[in-house]
Amino acid sequence: MEKVKKYIPDKYKGIFCIILSAFCFALMSAFIRLAGDLPSIQKGFFRNFFAFFIALFMLLKSGEKISIGQGNMKYLIGRALIGTIGILGNFYAVDNMVLSDASMLNKMSPFFSILFSYFLLKEKLSLPQGLIVAAAFCGSLFIVKPTADLFENPASLAGLAGGISAGAAYALVRVLGRNGVNKTFIVMFFSAVSCLIMLPFLIISFKPMTAVQVLCLIGTGAAAAGGQFAITNAYCYAPAKEISVYDYSQLIFTMILGFVLFGQIPDRWSIIGYFVIVGAAVAMFLYNKKKD
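No experiment lies behind these values; they were computed from the predicted model shown.

**Remarks on the overall build of the protein**
So, point 1. On a plain count of helices and strands, the protein comes out with twelve helices and zero strands.
So, point 2. Relative to the globule expectation of 19 Å for 292 residues, the C-alpha radius of gyration of the protein, 19 Å, shows essentially globular dimensions.
So, point 3. Taken across its 292 residues, the protein has 49% of its residues classed as buried.
So, point 4. Of the roughly 14300 Å² of accessible surface on the protein, a fraction of 71% belongs to carbon and sulfur atoms.

**Here we look at the packing of helix 2 (residues 40–62) against helix 9 (residues 211–237)**
So, point 1. It is the contact of helix 2 with helix 9, at a shortest axis distance of 7 Å, that shows an interaxial angle of 60°. With respect to helix 9, the axis of helix 2 lies oblique. The handedness of the crossing between helix 2 and helix 9 comes out as right-handed. In this structure, helix 2 contributes Lys 43, Phe 46, Arg 47, Phe 50, Ala 51, Ile 54, Ala 55 and Met 58 to the contact, and helix 9 contributes Leu 217, Ile 218, Thr 220, Gly 221, Ala 222, Ala 224, Ala 225, Gln 228 and Phe 229.
So, point 2. For the contact of helix 2 with helix 9, a count of residues per class yields twelve nonpolar, three polar and two charged.

**Things to note about the side chain of Gln 250**
So, point 1. Here Gln 250 is to be found in helix 11 (residues 249–262).
So, point 2. Judged by its relative accessible area of 10%, Gln 250 falls in the buried class.
So, point 3. Once residues lying within four places of it in the same chain are set aside, the contact partners of Gln 250 are Ala 22, Phe 25, Ala 26, Ser 29 and Lys 107.

**Here's the deal with the packing of aromatic side chains**
So, point 1. If you walk through the whole model with that rule in mind, you get 13 aromatic pairs.
So, point 2. Centre to centre, the rings of Phe 45 and Phe 46 are 5.4 Å apart; their planes meet at 90°, and the pair counts as edge-to-face.
So, point 3. Taken together, Phe 45, Phe 46, Phe 49, Phe 50, Phe 52 and Phe 53 form an aromatic cluster joined through their ring pairs.
So, point 4. The side chain of Arg 79 reaches across the aromatic face of Phe 190, ending 4.0 Å from its centre.
So, point 5. Positioned above the aromatic ring of Tyr 237, the side-chain terminus of Lys 183 is 5.5 Å from the ring centre.

**Topic: the environment of Asp 247**
So, point 1. Locating Asp 247 in the fold gives a position in the loop between helix 10 (240–243) and helix 11.
So, point 2. Taking the C-alpha atoms as reference points, Asp 247 and Phe 23, 224 residues apart in sequence, are found 9.3 Å from one another.
So, point 3. Apart from the residues within four sequence positions on either side, Asp 247 is in contact with Ile 18, Ala 22, Lys 107, Ser 109 and Pro 110.

**Notes on a nonpolar patch on the surface**
So, point 1. Among the surface-exposed residues, Leu 34, Ile 256, Phe 259, Val 260, Leu 261, Phe 262 and Ile 265 lie close enough to one another that they form a single nonpolar patch of about 670 Å² accessible area.
So, point 2. Counting residues per element, the nonpolar patch draws most heavily on helix 11, which supplies five residues.
So, point 3. The topology assignment puts Phe 259 in helix 11.
So, point 4. A residue is classified by how much of its surface remains accessible, and Phe 259, at 47% relative accessible area, is partly exposed.

**So, the pattern of salt bridges**
For side chains bearing opposite charge, pairing can occur when the charged atoms are close.
So, point 1. All chains considered together, the criterion is met by two salt bridges.
So, point 2. Residue Lys 13 pairs with Asp 10 through a salt bridge whose shortest N-O separation is 3.9 Å. Residue Lys 13 and its partner Asp 10 are both found in helix 1 (residues 10–34); the two are separated by three residues, about one turn of the helix.
So, point 3. With a relative accessible area of 34%, Asp 10 lands in the partly exposed category.
So, point 4. Note that Asp 37 is salt-bridged to Lys 207, the shortest N-O span being 3.2 Å. Taken together, the residues Asp 37 in the loop between helix 1 and helix 2 and Lys 207 in the loop between helix 8 (183–205) and helix 9 connect sequence positions 170 residues apart.

**With respect to the packing of helix 2 against helix 8**
So, point 1. Relative orientation of the contacting elements helix 2 and helix 8 amounts to 145°, with a least axis distance of 8 Å. Along this stretch, helix 2 crosses helix 8, giving a crossing that reads as left-handed.
So, point 2. Considered class by class, the residues forming the contact of helix 2 with helix 8 number 19 nonpolar, seven polar and one charged.

**Considerations on the side chain of Ser 117**
So, point 1. Its place among the elements puts Ser 117 in helix 5 (residues 109–121).
So, point 2. Within polar-contact distance, the side chain of Ser 117 engages the backbone oxygen of Ser 113 at 2.7 Å.

**Looking at the nonpolar core**
So, point 1. Grouped together as the largest cluster of nonpolar side chains are 53 residues, with contacts concentrated most on Met 28, Phe 185, Tyr 235, Ile 243, Val 245 and Tyr 246.
So, point 2. Setting aside chain neighbours within four positions, we find Ile 243 in contact with Lys 11, Gly 14, Ile 15, Ile 18, Ala 234, Tyr 235 and Ala 238.
So, point 3. Formed by ten residues, the second largest nonpolar core is a distinct cluster that contains Ala 35, Ile 41, Phe 45 and Met 198.

**Description of the environment of Leu 81**
So, point 1. Mapped onto the elements of the fold, Leu 81 is located in helix 3 (residues 73–96).
So, point 2. For the pair Leu 81 and Lys 43, spaced 38 residues apart in the sequence, the C-alpha separation amounts to 17 Å.

**Structural notes on helix 2**
So, point 1. Between its first and last C-alpha atoms helix 2 spans 33 Å; for 23 residues at 1.5 Å apiece the expected length is 33 Å, and the two agree.
So, point 2. Phi turns positive, to about 70°, at Gly 63, one or two residues after helix 2.

Cut-off values and rules
- Residues numbered from 1 in each chain as written.
- Predicted model: local features only at pLDDT ≥ 70, side-chain atom pairs only at ≥ 80, totals over all residues.
- Heavy atoms only, no water.
- Helix = DSSP H or I, 4+ residues; strand = E, 2+ residues; numbered from the N terminus.
- Rg over C-alpha atoms; globule rule 2.2 N^0.38 Å.
- Buried < 20%, exposed > 50% of the residue type's maximum accessible area, 1.4 Å probe, protein only.
- Areas by Shrake-Rupley, 256 points an atom, 1.4 Å probe, with all protein chains shown as cover.
- Axes fitted to C-alpha atoms, helices over the stretch in contact; angles between N-to-C directions.
- Parallel < 35°, antiparallel > 145°, perpendicular 65-115°, else oblique.
- Left-handed = near helix turned anticlockwise from the far one by under 90°.
- Contact = heavy atoms within 4.5 Å.
- Nonpolar A, V, L, I, M, F, W, Y, C, P; charged D, E, K, R; others polar.
- Phe/Tyr/Trp six-rings, centres within 6.5 Å; stacked < 30°, edge-to-face > 60°.
- Lys NZ or Arg CZ within 6 Å of the ring centre and 35° of its normal.
- Patch = residues over 30% accessible without salt bridge, like charges linked within 9 Å, V, L, I, M, F, W, Y side chains within 5 Å.
- Salt bridge = Lys/Arg side-chain N within 4 Å of Asp/Glu carboxyl O.
- Polar contact = N/O pair within 3.5 Å; in protein donor to acceptor, adjacent residues only side chain to side chain.
- Core = buried A, V, L, I, M, F, W, Y, C linked by side-chain atoms within 4.5 Å.
- Expected span 1.5 Å × (residues − 1).

Put into structure tokens, the structure is as follows:
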């Protein structure tokens, strides 16, 4: 008898990849904090510097012939520029405001990913899907508990710009994936352009680093590379409306790492938030399965 190959739907691959990316980005945030008081631009540069070489190595090892395709360069450049704004906005917010507030602003990205996907790809959102994503967002509010002065300083605006930019960047990744652009090349191109943009500012504001800080930045770059590969694959496999809710799992991974590395213990409101997010993820999974 011939062996029957098990077919895994792209949607489930997308779910796995976005949860993996959430873990990698949570790990990246931990390394950022462990790196200490280095300038945001310096952390951002090394984040993508190491990711570039990892992507380049994987691309050369695969031996695949890269074909960008007609009309895709504008999406690649747009993804790189907007993605860089997203990184710098998020890092600046993390360095200059309450960490929970910065996390909340960054978690606006799933909403904007759905919004931009609607305009770029005409991917419509059903009412149940919209309610489930809104529930996940409410769950994140329980965890991060934004303060009243959320929009009273420039860092908050930078954080919001970072969340919006990340959402737009992921929508562009979806466009590139549907157009058949190599996923590893998308990551490499983004990392290279981002480093070139930040290089002049890095030279101006460079701060000497200790050996521990260098190791933390290497860890930041490695985790960021893993996150970039995973989230690029995720949005290439499935539309934002079906998988973006799983991006909120990053808050749960962050809680676990915070407890293990920094001794941070979540309060009862955070625990409620975790249950709401997990419940929303399960609801989205069951809804999509029933719809299929």
